[in-house]
Amino acid sequence: MVIYHTLQTLSPRRKHHDEVGSQFTSNEGNQRQDTTCGEESDEAAHDPLLAFECGGLDGVAIGSQAVRRRQSWWPIVAFTSACIGAIFSLTWLALSLDSLGRSDPSPLEAALSVPLRRPDEDYVLDPDWDSGAPNQVRKYDWTIVDKEGDPDGVVKSLMTINGQFPGPLIEVNEGDVIEVNVHNQASNSTAMHWHGIFQNGTNWMDGAAGVTQCPIAPGASYRYRFNVTGQTGTYFYHGHQGVQALDGLVGPLVIHSKDEATNQPIPYSSDRVVLLQDWYYDSDSALMRDVLSPGVEDAPIPNTALINGVNKANCSNHPGRLCSDADKLFPNLDLAPGESHRLRLLNVGGFAWFQVAVDEHDSLPIVEVDGTAVNPSPVSSVVIAPGQRYSAILTADQSGKEVFWLRARMIKSCLANQKLPENGIDEAKAVVRYHTQVRRHSGEEPPPLPTTTSKFQYLSTCRDLSSTTFFSPSPAQRAPEYADHSWYLRVNLAIGDWRLQRGVMNSSSFRPNLKSPTLHRVLDGLAVNNESFTQAGILGTTFDPISELVISHTGAAETVDIILQNMDENSHPFHLHGMQMWVLGSGHGYFPGYEVLDLNEDGKGLLFPAVSSVIDNPLKRDTVTVEGFGWVLLRFVADNPGVWLFHCHVLWHSEAGMGMQFLSRVDAMREWKLPEEARKLCSAPEEDLRKGAPPKDEVFFGFGND
């Protein structure tokens, strides 16, 4: 079964065509009931087309036959009336035919004309959703277009999907197939990554530019098609060329489990998405060039924060910018009083961490972490790093008030400078209102805003919420006891030649090959039996480890440990494509050794068989933070065939090279044939493929940098 999702509501022109069609049908029926045209019905009196038929040649003939019985002036009046009626009818018919002949606006025209802001109700999940429905193909058609907008009042250029920001909600069931046709009408190339989606058997659909695909050049199109089996929960998609996620190319993706409606540890009556992101007023491509320039050591500080793409700027703080003082409505969360509601919190930004809370609601039990269902873990506020997701349950049980602020505040201790540029606003807000009305009409007077106050506590460090809150996955899943491999990865920001600061992992700084992605080279090598692609460990002959650190695991389902040792003062949230990781331990300082965690050296089994708490039911997620000057021990099973990027999800750091790749299940990849559509993307000129990508280091060599 295929479901087509309409891009736009019925246009006024199309609606008019449908109304004209219904008028034709109705009028024909009325005519059959008329005995003579002289006995006009109400419909005939108001329908020009029907009037034309009654006032045509037959009507004139009847008038002529009756001339002998009427006074001499009557034929003139009848003839004149008939002519006037005919003229009006022909004019109306011509206008109608002209309207019918016009084509509907093109997707590009529609995207440029639609309002930028996405309605609040677009991020409320369907209350009548059938999670037990047969698996289906869910089809979407997207036009990527550059468009000026003012999410908080300050105007800047954005990359949008179908002209709206943020992107549309994709809502599917586990086992469904997602098909998205992407038509790139923007000025830069792009690629769409499906954050957290396994892409089992469809590695070329992962959307990592230079890793699994060539970018989609301006004017080109590409169809993403993949299955979402074996995972449920909250995910998102974003542009994976340069820092396009900061340009607006982001949106939510929710996968329902088959038993979601009945398997709820805390029953909830509504379900919605809350997107959090930092926001920059300057061009993100220009900022990317600046941050990669010689002598620059700090990432740019965001100007403000957004919830579901909205905030309210004080234009007096931005005299040098085009800014609108038009009143912008905060996002509204209308919640039925006395009931519980699921809030899917996603940090889709590129740099800032967020602390999220609802005024006067001290309990926000967490029931999901990065797609992993967990037993309810009560917290009063949610700390969320870039790339992470949490589902919290909010119960509308406060008496005496009906309206409250939901606050998402950037944690400024994570920033190099705690003062935002241009007196920026570090907090985004949404209105939580105890209300049974699902949606508001545009003509309604906006209700009063909350007067509640915040109880946020200052956070001095940026650490995962799991470092202070215990999360117990449900159902419980034991991590493998024995690691086949243990890799020590030293991560930091380092200043090298020409004073260029770059992200480094074990002396490697990643530079994706946009013209010849890693996956393409691997498959081409396997096709000619090049055995250098089948070796285990670091592939030092096939790839240059200085710019492409690739580690291969050749077994069918090998267990892999990663020891991330952060030699940098910044906290780094690391995201693994294609798989989830068990978090076995974390801390400050140097990694203390496996023995401290009751594991044998290199993770090869338990130190004491009776002491197994470290692997009994650890948290499993796809984005994990290693704190500043700290460490984290991760474990995953390399059973998903393909090339998988592992990188810091602070976009300024990843685009500076803080990333590497894992190659898994080469045995299965031998049977793969790269789809021709994927290979065709690489036929575009390299100049086009590089549009929107970070500049090459060579442009900064020498002292005449421009």
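Preceding this section is the structure that the text describes.
Residues numbered from 1 in each chain as written. Predicted model: local features only at pLDDT ≥ 70, side-chain atom pairs only at ≥ 80, totals over all residues. Heavy atoms only, no water.

The next point concerns the sheet that holds strand S6 (residues 192-195). The sheet built from four strands is open, its strands ordered S4-S9-S8-S6 with mixed pairing. The open sheet terminates on both sides in strands that have one partner only, identified here as strand S4 (170-173) and S6. Neighbour-to-neighbour, the strand axes of the sheet open up by a mean angle of 20°, direction not taken into account. (Pairing = 2+ DSSP bridges. Helix = DSSP H or I, 4+ residues; strand = E, 2+ residues; numbered from the N terminus. Axes fitted to C-alpha atoms, helices over the stretch in contact; angles between N-to-C directions.)

By the secondary structure assignment, asparagine 184 is in strand S5 (residues 177-184). As for asparagine 184 and proline 218, which are separated by 34 residues in sequence, their C-alpha atoms are 5.4 Å apart. Excluding residues within four positions of it along the chain, asparagine 184 makes contact with Ile144, Ser189, Thr190, Ile216, Ala217, Pro218, Gly219 and Ala220. (Contact = heavy atoms within 4.5 Å.)

Moving on to the state of the cysteines. Applying the stated criterion across every chain, the model contains three disulfides. Each sulfur of the disulfide joining cysteine 214 and cysteine 682 lies 2.0 Å from the other. Handedness of the cysteine 214-cysteine 682 disulfide follows from its S-S torsion of about 100°: it is right-handed. Residue cysteine 214 is located in the loop between S6 and strand S7 (221-227), and its partner cysteine 682 is located in the loop between helix H12 (676-680) and helix H13 (686-689); the two are separated by 468 residues in the primary sequence. A single burial state applies to cysteine 214 and to cysteine 682, both of which are buried. With its sulfur 1.3 Å from that of its partner, cysteine 414 forms a disulfide with cysteine 462. In this structure, the disulfide formed by cysteine 414 and cysteine 462 twists by about -95° around the S-S bond and is classed as left-handed. Remark: cysteine 462 occurs in the loop between strand S20 (427-434) and strand S21 (485-495) and cysteine 414 occurs in the loop between strand S19 (403-410) and S20; sequence separation between them is 48 residues. Each member of the pair, cysteine 414 together with cysteine 462, is buried. Disulfide connectivity for the protein, with bonded cysteines indexed by sequence position, reads 1-6, 2-3, 4-5. (Disulfide = S-S within 2.5 Å. Buried < 20%, exposed > 50% of the residue type's maximum accessible area, 1.4 Å probe, protein only.)

This brings us to the nonpolar core. Grouped together as the largest cluster of nonpolar side chains are 96 residues, with contacts concentrated most on Leu564, Phe646 and Trp652. Once residues within four sequence positions are removed from consideration, leucine 564 is found in contact with Leu489, Val491, Met505, Phe574, Val626, Gly630, Trp631, Val632, Leu634 and Phe646. Formed by 52 residues, the second largest nonpolar core is a distinct cluster that contains Ile161, Val180, Tyr235 and Leu539. (Core = buried A, V, L, I, M, F, W, Y, C linked by side-chain atoms within 4.5 Å.)

Before going further, it helps to examine the environment of isoleucine 197. Within the secondary structure layout, isoleucine 197 lies in the loop between S6 and S7. With 56 residues separating them in the primary sequence, isoleucine 197 and leucine 253 have C-alpha atoms 9.7 Å apart. Not counting chain neighbours up to four residues away, the residues in contact with isoleucine 197 comprise Asp206, Phe226, Val228, Gln231, Tyr235, Leu253, Ile255 and Gly578.

Time to look at the sheet that holds strand S29 (residues 623-626). Read from one edge of the open sheet, six strands run S23-S24-S32-S31-S26-S29, paired in mixed fashion. Sheet topology places strand S23 (537-538) and S29 at the edges, where each strand pairs with a single neighbour. Where strand S26 (residues 572-576) meets strand S31 (residues 642-648), three bridges bridge the pair, whose relative direction is antiparallel. Counted as the bridge partner of leucine 576 is phenylalanine 646 from S31.

It is worth spelling out helix H8 (residues 518-527) at this point. By the criterion of burial, H8 is predominantly enclosed, with eight of the ten residues buried. Thr518, Leu519, His520, Arg521, Val522, Leu523, Gly525 and Leu526 are the residues of H8 that are buried. Residues of H8 that are buried in the fold lie against S31, strand S32 (659-664), helix H11 (666-669) and H12. Downstream of H8 by one or two residues, asparagine 529 has phi in the positive range, about 60°.

Turning to helix H7 (residues 284-291), a few remarks are in order. Within H7, burial applies to Asp284, Leu287, Met288 and Val291. Buried positions in H7, seen along its axis, are confined to an arc of 105° and lie on one side of it. Contacts from the buried residues of H7 go to strand S3 (156-161) and helix H10 (651-654). (Arc of directions from axis to C-beta.)

Let us look at the side chain of serine 509. Looking at where serine 509 falls in the secondary structure, it is placed in the loop between strand S22 (501-505) and H8. Residue classification places serine 509 among the buried residues on the basis of a relative accessible area of 10%. Only 2.8 Å separates the side chain of serine 509 from the backbone oxygen of glycine 503, close enough to count as a polar contact. In this structure serine 509 touches Arg502, Gly503, Ile546, Ser547, Ala656 and Gly657, once residues within four positions along its chain are discounted. (Polar contact = N/O pair within 3.5 Å; in protein donor to acceptor, adjacent residues only side chain to side chain.)

Let's shift gears to the pairing of strand S24 (residues 550-553). Put simply, side chains in a regular strand alternate between the two faces of the sheet. Every second residue of S24 is oriented toward a common face, with Val550 and Ser552 on one face and Ile551 and His553 on the other, all of them buried. Note that S23 and S24 share two bridges and pair antiparallel. The residue of S24 that forms the bridge with isoleucine 538 is isoleucine 551.

The next subject is the pattern of salt bridges. Following the criterion strictly, the structure yields 32 salt bridges and no others. In this structure, aspartate 122 and arginine 118 form a salt bridge, with 3.1 Å as the shortest nitrogen-oxygen distance. One salt-bridge network, held together by shared partners, links Lys139, Glu179, Arg223 and Arg225. (Salt bridge = Lys/Arg side-chain N within 4 Å of Asp/Glu carboxyl O.)

Scanning the model with the defined rule gives 19 aromatic pairs in all. Relative to phenylalanine 701, the ring of tryptophan 498 lies with its centre 6.1 Å away and its plane at 25°, an arrangement referred to as stacked. Remark: phenylalanine 701 occurs in the segment after H13 and tryptophan 498 occurs in the loop between S21 and S22; sequence separation between them is 203 residues. Given the relative accessible area of 42%, phenylalanine 701 is considered partly exposed. Site record: aromatic cluster; members linked through ring pairs are Trp142, Trp194, Tyr222, Tyr224, Phe226 and Tyr237. Positioned above the aromatic ring of tryptophan 405, the side-chain terminus of lysine 429 is 4.2 Å from the ring centre. (Phe/Tyr/Trp six-rings, centres within 6.5 Å; stacked < 30°, edge-to-face > 60°. Lys NZ or Arg CZ within 6 Å of the ring centre and 35° of its normal.)

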